[in-house]
Amino acid sequence: MVQQQLKELLPEREVGLSAALTLLCGSAAAVVVWKWLGKRQIQKKMEEARRTRDEGVRKMVKAVQQFREQVPTVQRDAILSLPLLELTQRLQEGSLSPKTVLYTYLGKALEVTQQTNCLRHFIPECEEQLEEIQRQSAKGLLYGIPVSIKDHIGHKGHLSTCGLVQCLDTLVQEDSVLVKVLKKQGAIPFALTNVPQSLFNYDCSNPIFGQTVNPFNHQKSPGGSSGGEGALIAGGGSILGIGSDIGGSIRLPSSFCGLCGLKPTAERLSLSGVSDPVSGILAVPCALGPMARDVDSLALCMKALLCEEMFRLDPTVPPIPFDEEVYSSSAPLRVGFYDTDSYFPLSPCMRRAVQDTKRALEAAGHQLVPFSPPRIHYVMTELFLKTFFADGGRAWLDVFTGDIVDPNLKPQVNCCKIPRLGKKLLALILKPLFPRLADYLSALSGMRSVKEMWNHHHQIQVYRTEFIARWRELQLDVMLCPVLGPAFTTGYPGKLLTAISSTMLYNVLNFPAGVVPVSRVTEADEEELKIYRGCYDDPWDRTLKQAVAGAVGLPVAVQCVALPWQEELCLRFMKEVETLSQEKRAV
């Protein structure tokens, strides 16, 4: 019809117009076909990755079955119940064999991933590593211990996908330094665990390998981005795992899954051989760290990793061995504490956990000092978010080129896609009604110049200096504070990025921080949640309320913090909190 009207208006150009319209229609059809072919290519890559994973699972099922036929008398439950320290002792003395332990955990990991979808891939070379450690005369500190590692920690011959299709083509050519040191200490890396797409989410879902769920409640998330680790360890399929943390990615899964997890000072463990979707972000550094069922396991792992082999392989790691004397100390501590950062107040059970732990510490002879973390709203928007979205989010959006965006990430992706001027205008309009969202959008606008970026880096240093000065003024040894939890319903983390204020603070500061489970959500907590209003009584507060509802029986944790390079003191404090919480539960 449109074509006929144009012919009537311009009869003398009929032939040329007809040709132009034909060309236009042909071009449009070509674009549609091109897009369809692109999506088909993406689907083929994802299907191939899933086939490879499923084939690896089938091989492990067969290997475990063969072992069980050969050694039918293994006391599987007894082995799985052993704490790491006791398991290492049994392996060192020879009353348990590494082969028995490995295949016991492989079997359990198969069960857990069937329930939670926590594994990205088994590492078949674990059988070669098993043979290698049995040939060695010297036994390392982690001799015979099966260890799981997060997807993006490089293992030779395997992918580091970060949940992205673009990362499915290139196999890692060399073990990361951390994997090399684990192997040197006799550990057996046996599985790579699932992560959220691009790692920038604290849920655990990607279009390639799907959604990982919490082993205690399959409607809930295991947290992220080390969510596969959280689900596997909490489900009993691994006794020790290695995660990474740039905003809470070790501590949040530990909180959601009832584990102990440590984010060290960023440079304490080597990052060499670790992949990231967006490289070069240094103002707020990433850190690798251990996750396990108890604090002693974290301490043993750190002791094993902080060895001459790591210092030799990566000279940028300060050669500071683990200080056993500090970890073993029983001297009373001067503990700062707070139960809210006044930016994103957490659910009632998490604040209760801090207050209960505070009272237990006081009863045990420690001195508790009130502390108020300064300007968290400013830290979240001006320091943390602007670090990652300095370019307005363009580098992050680029990683989704030729990919399908995971539904759980769409709220974040859609915000980033708004043009800079649109973000600024929306921020201006929303400021009186929804100040947190307004400042969030303004932060996503990024920076306009190198000078502005330099000033941003300087402001992070200024804030660190201010925070340490306040810490020193109160003569604190350590800090007790809340951590986000309990576990969110799947899908909600992508709607509440800024809810991680409790953890991101210590990434900006680059302080060692760990999480310890101390309690569980009670019916009384659930009733109190019904009257929760947060700080602003705005849509974000109401969304948080929805995210954590229905969590009765799920783990409740607290966060423990120390000054930079004082991982041993942080762990010693975590151990104290763990011991006191266990004593309380035993009464």
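Refer to the structure presented above.
So, how was this worked out
- Residues numbered from 1 in each chain as written.
- Predicted model: local features only at pLDDT ≥ 70, side-chain atom pairs only at ≥ 80, totals over all residues.
- Heavy atoms only, no water.
- Helix = DSSP H or I, 4+ residues; strand = E, 2+ residues; numbered from the N terminus.
- Rg over C-alpha atoms; globule rule 2.2 N^0.38 Å.
- Contact = heavy atoms within 4.5 Å.
- Areas by Shrake-Rupley, 256 points an atom, 1.4 Å probe, with all protein chains shown as cover.
- Lys, Arg positive; Asp, Glu negative; His and termini not counted.
- Charge placed at Lys NZ, Arg CZ, Asp CG, Glu CD.
- Core = buried A, V, L, I, M, F, W, Y, C linked by side-chain atoms within 4.5 Å.
- Buried < 20%, exposed > 50% of the residue type's maximum accessible area, 1.4 Å probe, protein only.
- Arc of directions from axis to C-beta.
- Pairing = 2+ DSSP bridges.
- Axes fitted to C-alpha atoms, helices over the stretch in contact; angles between N-to-C directions.
- Salt bridge = Lys/Arg side-chain N within 4 Å of Asp/Glu carboxyl O.
- Phe/Tyr/Trp six-rings, centres within 6.5 Å; stacked < 30°, edge-to-face > 60°.
- Lys NZ or Arg CZ within 6 Å of the ring centre and 35° of its normal.
- Polar contact = N/O pair within 3.5 Å; in protein donor to acceptor, adjacent residues only side chain to side chain.
- Parallel < 35°, antiparallel > 145°, perpendicular 65-115°, else oblique.
- Left-handed = near helix turned anticlockwise from the far one by under 90°.
- Nonpolar A, V, L, I, M, F, W, Y, C, P; charged D, E, K, R; others polar.

Draft legend 1. The overall build of the chain, seen in detail. Across its full length, the chain carries 23 helices and 13 strands. For 587 residues, the compact-globule estimate of 2.2 N^0.38 gives 25 Å, and the C-alpha radius of gyration of the chain, at 26 Å, lies within 12% of that figure. With the principal axes as the frame, the chain shows a C-alpha extent of 95 × 60 × 50 Å. Long-range pairs, those at least 24 residues apart, make up 81% of the contacts in the chain with a sequence separation of at least 6. In the structure as shown, the chain presents an accessible area of about 24,300 Å², 55% of it carried by carbon and sulfur atoms. Seen as two clouds, the 63 positive and the 61 negative side-chain charges of the chain have centres 4 Å apart.

Draft legend 2. The nonpolar core, seen in detail. If you look at the biggest cluster of nonpolar residues, it comprises 169 residues, and the most contacted ones within it are Leu 484, Phe 488, Leu 505, Tyr 506 and Leu 571. If we ignore the near neighbours within four places in the chain, the residues touching Tyr 506 are Arg 251, Lys 263, Tyr 338, Phe 467, Met 479, Cys 481, Phe 511, Ala 513, Gln 559 and Val 561. The next biggest cluster of nonpolar side chains, apart from the first, holds eight residues, and it includes Ala 49, Leu 159, Val 165 and Leu 168.

Draft legend 3. Molecular detail of the side chain of Thr 498. If you trace the backbone, Thr 498 turns up in the loop between strand E11 (478-481) and helix H20 (501-508). A residue is classified by how much of its surface remains accessible, and Thr 498, at 1% relative accessible area, is buried. Discounting residues that sit within four places of it in the chain, Thr 498 has contacts with Tyr 343, Phe 344, Met 380, Leu 385, Tyr 440 and Trp 540.

Draft legend 4. Spotlight on the side chain of Ser 226. Assignment of secondary structure puts Ser 226 in the loop between strand E5 (210-211) and helix H8 (227-234). Residue classification places Ser 226 among the buried residues on the basis of a relative accessible area of 0%. Contact partners of Ser 226, with chain neighbours within four places excluded, come to Lys 150, Gly 243, Ser 244, Ser 249, Ile 250, Pro 253 and Met 291.

Draft legend 5. Seen up close, helix H16 (residues 410-417). Buried within H16 are the following residues: Gln 412, Val 413, Cys 415 and Cys 416. Taken down its axis, H16 places every buried residue within 160 degrees of arc, on the same side. Where H16 is buried, its residues touch helix H15 (394-398), helix H17 (420-430) and helix H18 (435-444).

Draft legend 6. A look at the sheet that holds strand E13 (residues 555-561). In spatial order, the strands read E1-E3-E2-E6-E8-E7-E12-E13-E11-E9-E10; together these eleven strands make up an open sheet with mixed pairing. Bordering the open sheet on either side are strand E1 (119-122) and strand E10 (367-370), each of which pairs with just one other strand. Sheet twist, expressed as the average angle between the axes of neighbouring strands with direction ignored, equals 30 degrees. Taken together, the three bridges between strand E7 (residues 260-263) and strand E12 (residues 513-520) define a ladder with antiparallel strand orientation. Bridge pairing links Lys 263 to Ala 513 in E12.

Draft legend 7. Inspection of the pattern of salt bridges at higher detail. A full pass over the atoms with the stated rule returns 33 salt bridges. Asp 339 serves as the salt-bridge partner of Arg 351, at 3.4 Å between the closest nitrogen and oxygen. With Arg 351 in helix H13 (residues 348-363) and Asp 339 in the loop between strand E9 (334-337) and H13, the pair connects residues that are twelve residues apart, well separated along the chain. Judged by relative accessible area, which is 29%, Arg 351 ranks as partly exposed.

Draft legend 8. Main features of the packing of aromatic side chains. Per the counting criterion, the structure on display carries 21 aromatic pairs. For the ring pair Tyr 202 and Phe 488, a centre distance of 5.6 Å and an interplane angle of 70 degrees mean the geometry is edge-to-face. Residue Tyr 202 is found in the loop between strand E3 (188-193) and strand E4 (205-206), and its partner Phe 488 is found in the loop between E11 and H20; the two are separated by 286 residues along the sequence. Phe 488 shares its class with Tyr 202; the two are buried. Aromatic pair Tyr 506 and Phe 511: ring centres 6.2 Å apart, planes at 35 degrees, arrangement tilted. With a relative accessible area of 0%, Tyr 506 lands in the buried category. Residue Phe 511 is classed as buried on the basis of its relative accessible area, which comes to 0%. Over the face of the ring belonging to Tyr 492 we find Lys 495, whose NZ or CZ atom lies 4.5 Å from the ring centre.

Draft legend 9. Main features of the environment of Thr 212. Looking at where Thr 212 falls in the secondary structure, it is placed in the loop between E5 and H8. Between the alpha carbons of Thr 212 and Leu 80 there is a distance of 22 Å; along the sequence they are 132 residues apart. Excluding residues that lie within four positions of it along the chain, Thr 212 makes contacts with Thr 116, Asn 117, Cys 118, Asn 194, Cys 204, Pro 222, Gly 227, Gly 228 and Ala 231. At 3.0 Å, the side chain of Thr 212 forms a polar contact with the side chain of Asn 194.

Draft legend 10. Structural view of the environment of Ala 363. Note on placement: Ala 363 falls in helix H13. Between the C-alpha atoms of Ala 363 and Leu 580, which are 217 residues apart in sequence, the distance is 9.7 Å.

Draft legend 11. How the structure looks around the pairing of E11. Residues Val 478 and Leu 480 of E11 are buried on one face, and the alternating residues Met 479 and Cys 481, pointing to the opposite face, are buried as well. In terms of strand pairing, E9 meets E11 through three bridges, oriented parallel. Note on E11: the bridge partner recorded for Gly 336 is Met 479. In this structure, E11 lies alongside E13, joined through three bridges in antiparallel fashion. Bridge pairing links Leu 480 to Cys 560 in E13.

Draft legend 12. Just the packing of helix H10 (residues 295-305) against helix H23 (residues 567-586), in detail. Between H10 and H23, the least distance of the axes is 9 Å, while the angle of their chain directions is 165 degrees. As the angle between them shows, H10 and H23 are arranged roughly antiparallel. H10 and H23 meet at a crossing whose hand is left-handed. On H23, the residues that touch Val 295, Asp 296, Leu 298, Ala 299 and Met 302 of H10 are Glu 567, Leu 571, Met 574, Lys 575 and Glu 578. For the contact of H10 with H23, a count of residues per class yields six nonpolar, no polar and four charged.

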